[in-house]
Amino acid sequence: FLTWKSVYDLAFKPDGAQLIVAAGSRLLVYDTSDGTLLQPLKGHKDTVYCVAYAKDGKRFASGSADKSVIIWTSKLEGILKYTHNDSIQCVSYNPVTHQLASCSSSDIGLWSPEQKSVSKHKSSSKITCCSWTNDGQYLALGMFNGVVSIRNKNGEEKVKIERPGGSLSPIWSISWNPSREERNDILAVADWGQKLSFYQLSGKQIGKDHSLNFDPCCISYFTKGEYILLGGSDKQVSLFTKDGVRLGAVGEQTSWVWTCKVKPDSNYVVVGCQDGTISFYQLVFSTVHGLYKDRYAYRDSMTDVIVQHLITEQKVRIKCKELVKKIAIYKNRLAIQLPEKILIYELYSEDSLDMRYRVKEKIARKFECNLLVVCADHIILCQERRLQCLSFSGVKEREWQMESLIRYIKVIGGPPGREGLLVGLKNGQILKIFVDNLFAIVLLKQATAVRCLDMSASRNKLAVVDENDMCLVYDIHTKELLFQEPNANSVAWNTQCEDMLCFSGGGYLNIKASTFPVHQQKLQGFVVGYNGSKIFCLHVFSMSAVEVPQSAPMYQYLDRKMFREAYQIACLGVTDTDWRELAMEALEGLEFETAKKAFTRVQDLRYLELINSIEERKKRGETNNDLFLADVFSYQGKFHEAAKLYKKSGHENLALDMYTELRMFEYAKDFLGSEDPKETKMLIAKQADWARNINEPKAAVEMYISAGEHCKAIEISGDHGWVDMLIDIARKLDKAEREPLLMCAHFFKKLDNPGYAAETYLKIGDLKSLVQLHVETQRWDEAFALGEKHPEFKDDIYVPYAQWLAENDRFEEAQKAFHKAGRQGEAVRVLEQLTHNAVVESRFSDAAYYYWMLSMQCLDIAQDPAQKEVMLGKFHHFQHLAELYHGYHAIHRYVEEPFSFHLPETLFNISRFLLHSLTKDTPLGISKVNTLFTLAKQSKALGAYKLARHAYDKLQGLQIPARFQKSIELGSLTIRSKPFHDSEELVPLCYRCSTNNPLLNNLGNVCVNCRQPFVFSASSYEVLHLVEFYLEEGITDEEAVSLIDLEAPRLKRENKWQEITSNNAQTLRLDESMDSVGEDDPFTAKLSFEQGGSEFVPVVVSRSVLRSMSRRDVLIKRWPPPLQWQYFRSLLPDASITMCPSCFQVPPTYGPGVLPSSCCCASQMGPVGRPGMGGAHVSLSG
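Please read these numbers as outputs of a predicted model, since none were measured by experiment.

What counts, and where the lines are drawn
Residues numbered from 1 in each chain as written. Predicted model: local features only at pLDDT ≥ 70, side-chain atom pairs only at ≥ 80, totals over all residues. Heavy atoms only, no water. Pairing = 2+ DSSP bridges. Helix = DSSP H or I, 4+ residues; strand = E, 2+ residues; numbered from the N terminus. Axes fitted to C-alpha atoms, helices over the stretch in contact; angles between N-to-C directions. Parallel < 35°, antiparallel > 145°, perpendicular 65-115°, else oblique. Left-handed = near helix turned anticlockwise from the far one by under 90°. Contact = heavy atoms within 4.5 Å. Salt bridge = Lys/Arg side-chain N within 4 Å of Asp/Glu carboxyl O. Buried < 20%, exposed > 50% of the residue type's maximum accessible area, 1.4 Å probe, protein only. Core = buried A, V, L, I, M, F, W, Y, C linked by side-chain atoms within 4.5 Å. Expected span 1.5 Å × (residues − 1).

Engineer: Lay out the sheet that holds strand β28 (residues 289-292) with the relevant residues and their values.
Structural biologist: One open sheet accounts for 4 strands, arranged β28-β29-β30-β31; its pairing is antiparallel. Bordering the open sheet on either side are β28 and β31 (315-319), each of which pairs with just one other strand. Taken pair by pair, the neighbouring strands of this sheet meet at an average axis angle of 15°, ignoring direction. Of the pairings in the sheet, the one linking β28 to strand β29 (residues 295-300) comprises 4 bridges and is antiparallel in character. Across the sheet, G290 pairs through a bridge with A297, a residue of β29.

Written as structure tokens, this is what we have:
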């Protein structure tokens, strides 16, 4: 356009439909689609310097030298006018709030539709340009004095940028980058110091200044911020990258360029000049790229190269910082042509996935070429008809001159330094050139010009696309045209399959395998590579790898039963469904190798097992293909076809098995065509199996019973808890059918019907299982009754019974049960644990009882000769412990409880008994402190002061509990006030030798004179008038008892009391003359004759002495074997003594018929609530 007036500013409507031009004092509005002048707008009286459109497209503003600003609507109507004090230099709309900033030589005006007045702010210098940030928060002002002022929406200055040139470098144009992808706001500044600079919002400069070599008058960003337009005194518009790298000139003018703008969202550029010219340009950014197999290199942002791995989608960016003119890639080499040089890159490693490149060589020369190709050690430059081969150092090594223009060139591989090139010419000639050979080889010549070329993987076939969009495929060796296909613009052979190629054209992708018809699918763009199932397609500026299933060519091979070729195609990439179809077709065709590979791919183990079994059978010599095919059909579900083939091959049984396994019982019966009962029963059983599997258990049970499969019927009935059905089956079965009856009994037990289980066991006579049933259900009475009839099951009954009692804390009963079952070890272990627990819990009476029971258990075990010696030792030890704990029970109660249950004399005697017995180790739980403390107190109370003092002295050497401390200390002091002697009444007498023994005897509980052991009362612990005697050798216990039982005449005392009655008075007189009794007693004579000496000499009696004894004067401890009986003679016949028949303990000499309630271990009731084992005492009056 030509306006005849200087064009100072331009503005596009945001939708790009209108262009507002500031020309002279008018505004010209153009239609951008065809350049029509829509309307000139008159409103200003002087030159219009600036114009700006609001982001929402509703209004635009213009500023003039007449000091006024006019607001116009999009309908080209003026709606508002306001003025400044000086001419308007620039106007700009806030992109968010649509607030208008108008700048004059001396001030800034801010106006928005919401406010009536215009707020103005003074400026220290002339403002030449302004620009808002993308978010509308800040306004940048460029000033004539070389300062950039960044202000907020209210006009307040926040950042001040001072350019180095100051007023000598006035800021003439500024613009914020409109890109939303930039992390920071970037301001481009152009000044008349001929510099282009970039700043952040904070005022920090980005990079260095870029020299322009002209005075810039305007700067403008593309819509997305990727490029910058810059115009000025050099009379042209230059294109820069967003980083300030100059790419080239857009258009040369005849005068200064005052303004240049980019049409929104397009590549159209409009330029306004000093001479009134308005130029409209369209920028075309051509694709600069290169491809080798799966690596694609292309130009980005004009100065960068991006290498993309099409398989992994990895990308790497190489920044060249100059205009990239040509790109070539080959294996690990990458060549980039820049305006003044060529850079050669190489990969860091040989790894096929490595994406790291480094500079290998640099050729610092300017080249002009149409095409660039790189090889391992060379670069090839194509200049119309000429090809030049240069080394990486820039030395020309070879040159080839062609007959016609070169239309296509491609490296087809080869050894390094000897690569082959495929070249297509405009005259239709196709050549192969080796870089180390001056002579080109003509492959073939066709009539039409070449557009695209590719050679198959084995170098046997050549595909050509000509200028008539025809794809022609030739055999390279015979030059024969194999086939041709229309509508092609590019072609590529599959690098993994010799017979497959693809070509694109007309919006379709065409895949051709061998000589089969073409398979088509929609695809936009150009095919540039074909690798396996991936087709590399270039569409506009982007390269993509398209995954294309090779289904169609695979099915073409399958239709012709070419299974191996179909498998090769499938390997390139087909769906799982296609793989399965291939596998099935190959299997039906008995091509087992291909079928196995295909089934392996889809991981179908079932068919793989079938193939393996067939192969094994073939190895064993089977050759019947009908049988193999029948197996295949049965696996595929073609059952009737399979049955026919089974019958044809003479294997009717396999057909029958197949039908029954498939529950096709009717088909099976039809196939059999016979009424064989065995076969029918088998079918019924299989039908029952099927009914069971489909969850029809009742029907299955009935069928199993019909087929005689009772076990399976019982199992199902039991699993479902059908007791009635089990009863019915069990009662119908014969007792000889043991296994099913046992199953019935098992389920009866499981279903809590022990009565029916017992009935079943009785039916088959399984008494052992019946016993186990009673034990498991804890029906002990029935078990004991059965045990009485069948003693061989005693262990099976009493051992579980004992364990059950023990688990229910009934340990005494458990111990008895173990004993009864003959499990002596378990019985002893239970008692030992009970004893230990009783001692730990201070239940000493119970402990005594348990130790007595333990001793009796040991005595029982001692009947075994192998264990006799050990067990007898344990018996005596446990008897001793029972006596100790029985005595200590009274001491413990006295010390621990507030009231005493025993007489002082009893406690006194018990304390002495314990101290005499504890000469060695003290058993667990028995306290010497408690024993001495009791002895001290009772001795003091009974007048045994010497013994009390001795006890208190002993206590001083022991660790005394705090609660006894004061009492013992006080007793120790007060006892010293008492006489140092003991009461004569307390001194014990030995009834054998009539010796008075000390209260504390170093020898223990024996006489100090005759060493005769004392016999104590079990409750008062007095010394009893009993002397133990032994039988002469040869006299048995039975003989001794019989001799004693012969009553000898016993002298009785006459009644020496005489009653005299006189004078109303009765007088009793004792006659002092009495016969001496016992002088003629042989036993008494034996005592006196044999006593004396330091060693204990037992009393041994003969038959005559035994015959002289009275049964009433002799006590016998009838120990069970292997112990011998013990015999005791009472030396005071008139005083009766009672002995416990169980534990053989002797109570004290009370009056006639008087006996304490608890005097010994065995006679007590045991632990609370549990009866003891001993019988009651019997008192004999004397």
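Next comes the rest of the description.
Engineer: Lay out the packing of helix α24 (residues 928-942) against helix α26 (residues 962-974) with the relevant residues and their values.
Structural biologist: Axis angle and axis distance: for two packed helices, these are the angle between their axes and the distance between the axes, and together they describe the pair. Two numbers describe how α24 lies on α26: the axes approach to 11 Å, and their chain directions differ by 40°. Considered as vectors, α24 and α26 are oriented oblique to each other. The way α24 lies across α26 gives a crossing that is left-handed. Two secondary-structure elements touch here, α24 through V929, N930, F933 and K940 and α26 through F964, S967, I968 and T974.

Engineer: Quick rundown of the pattern of salt bridges? Include the residues and the values.
Structural biologist: By the definition in use, this model includes 29 salt bridges. E162 serves as the salt-bridge partner of K160, at 3.9 Å between the closest nitrogen and oxygen. The class for E162 is exposed, based on a relative accessible area of 58%. A salt bridge links R564 to E591, with the nearest nitrogen and oxygen atoms 3.6 Å apart. Of the two residues, R564 sits in helix α2 (residues 563-573) while E591 sits in the loop between α3 (576-588) and α4 (592-601), which places them 27 residues apart along the sequence. Under the relative-accessibility criterion, R564 is labelled exposed at 57%.

Engineer: So what about the nonpolar core? Which residues, and what values?
Structural biologist: Counting residues in each nonpolar core, the largest one holds 66 residues, and the members touching the most others are Y851, Y885, F908, L914, L955, F964 and I968. For this core, the secondary-structure elements that each account for two or more residues are α20 (824-840), α21 (844-861), α22 (868-896), α23 (904-917), α24, α25 (945-956) and α26. With 13 residues, the single largest contributor to this core is α22. Excluding residues within four positions of it along the chain, Y851 makes contact with T835, F878, L881, A882 and Y885. Of all hydrophobic cores here, the second largest spans 49 residues; its members include Y345, I406, L421 and V435.

Engineer: Let's hear about unusual backbone geometry: which residues, and what values?
Structural biologist: Here the bond from P1121 into P1122 is cis, since omega is 10°, no more than 30 degrees from zero. Within the secondary structure, P1122 is located in the loop between β59 (1114-1117) and β60 (1126-1130). If you check the backbone angles, E313 has positive phi at about 65° while not being a glycine.

Engineer: Tell me about helix α6 (residues 625-636), residues and numbers included.
Structural biologist: The terminal C-alpha atoms of α6, which comprises 12 residues, lie 16 Å apart, in line with the 16 Å expected from a rise of 1.5 Å per residue. All buried positions along α6 are accounted for by L627, F628, L629, A630, D631, V632, F633, S634 and Q636. The first or second residue beyond α6 is G637, which carries a positive phi of 90°.

Engineer: With reference to specific residues and values, describe the environment of I186.
Structural biologist: Along the chain, I186 turns up in strand β18 (residues 186-191). Judged by its relative accessible area of 15%, I186 falls in the buried class. On a C-alpha basis, the gap between I186 and I206 in space is 8.5 Å, while along the polypeptide they are 20 residues apart. With residues up to four places along the chain from it excluded, the contact list for I186 reads S175, W176, N177, F198, Y199, I206 and Y221.

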